[in-house]
Amino acid sequence: MIRKILFVLCFASFLSVFSQEKSVNKLVASPNPFLNTTTISFNSTNKQEVLISVKNVLGKTVFFKEVTAYKGNNKLPFKRNNLSSGMYIYAIQTNKEIISKRFVIK
């Protein structure tokens, strides 16, 4: 009987972890690829602090910024500055999740 109760409790906690609604979605960089600037946009389900980061293909963080995301569509302009051409991974992190995608600098 105790095994059944433990199984049910473990299964219920497993379902609750995987059924949580994402707090950010629709992460896009446009234009992609780009020469000098692109706009990173995403949708947030509520007002929250998020971390935006860009890493090179070796995993070194080359850009990092904490911003306040508002409910709905959010946009952040990103400038190339001194980054060389190539592929980069951009990510958005909330207190619940991390979403990442790639963009290319020409």
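Look a little higher up for the structure.
The structure reproduced in this document is the subject of the present report. In this text, all values refer to a predicted model and were calculated from it rather than measured experimentally.

About the thresholds
- Residues numbered from 1 in each chain as written.
- Predicted model: local features only at pLDDT ≥ 70, side-chain atom pairs only at ≥ 80, totals over all residues.
- Heavy atoms only, no water.
- Helix = DSSP H or I, 4+ residues; strand = E, 2+ residues; numbered from the N terminus.
- Buried < 20%, exposed > 50% of the residue type's maximum accessible area, 1.4 Å probe, protein only.
- Patch = residues over 30% accessible without salt bridge, like charges linked within 9 Å, V, L, I, M, F, W, Y side chains within 5 Å.
- Areas by Shrake-Rupley, 256 points an atom, 1.4 Å probe, with all protein chains shown as cover.
- Salt bridge = Lys/Arg side-chain N within 4 Å of Asp/Glu carboxyl O.
- Pairing = 2+ DSSP bridges.

A short note on unusual backbone geometry
Thinking step 1. Residue Pro 31 is bonded to the preceding Ser 30 through a cis peptide linkage, with omega at 0°.
Thinking step 2. Along the chain, Pro 31 falls in the loop between β1 (24–30) and β2 (37–44).
Thinking step 3. Pro 33 follows Asn 32 through a cis peptide bond whose omega is 5°.
Thinking step 4. Within the secondary structure, Pro 33 is located in the loop between β1 and β2.
Thinking step 5. Located in the positive-phi region is Lys 26, a residue other than glycine, with phi close to 55°.
Thinking step 6. Looking at the secondary structure, you find Lys 26 in strand β1.
Thinking step 7. Owing to a relative accessible area of 64%, Lys 26 belongs among the exposed residues under this scheme.
Thinking step 8. The backbone of Asn 81 shows a phi angle near 50°, a positive value even though the residue is not glycine.
Thinking step 9. On the secondary structure map, Asn 81 appears in the loop between β5 (72–79) and β6 (86–93).
Thinking step 10. The exposure class of Asn 81 is exposed, given its relative accessible area of 67%.

Considering a nonpolar patch on the surface
Thinking step 1. Side chains of Val 57, Leu 58, Met 87 and Val 104 sit close together on the surface and give an oily, nonpolar patch of about 400 Å² of accessible area.
Thinking step 2. In this structure, Val 104 sits in strand β7 (residues 98–105).

A short note on the pairing of β1
Thinking step 1. As paired elements, β1 and β2 share five bridges and run antiparallel to each other. The partner of Val 24 across the bridge, within β2, is Ser 44.
Thinking step 2. A loop of six residues connects β1 with β2, the two strands running antiparallel in sequence.

A short note on the pairing of strand β3 (residues 48–56)
Thinking step 1. Across eight bridges, the pairing between β3 and strand β4 (residues 61–69) is antiparallel. Note that in β4 the partner of Ile 52 across the bridge is Lys 65.
Thinking step 2. Between β3 and β4, which pair antiparallel in sequence order, lie four residues; one of them, Gly 59, sits at a positive phi of approximately 95°.
Thinking step 3. Two strands pair when backbone bridges link them, and β3 and β6 are joined in this way by six bridges, in the antiparallel orientation. Directly across from Ser 53, in β6, lies its bridge partner Ala 91.

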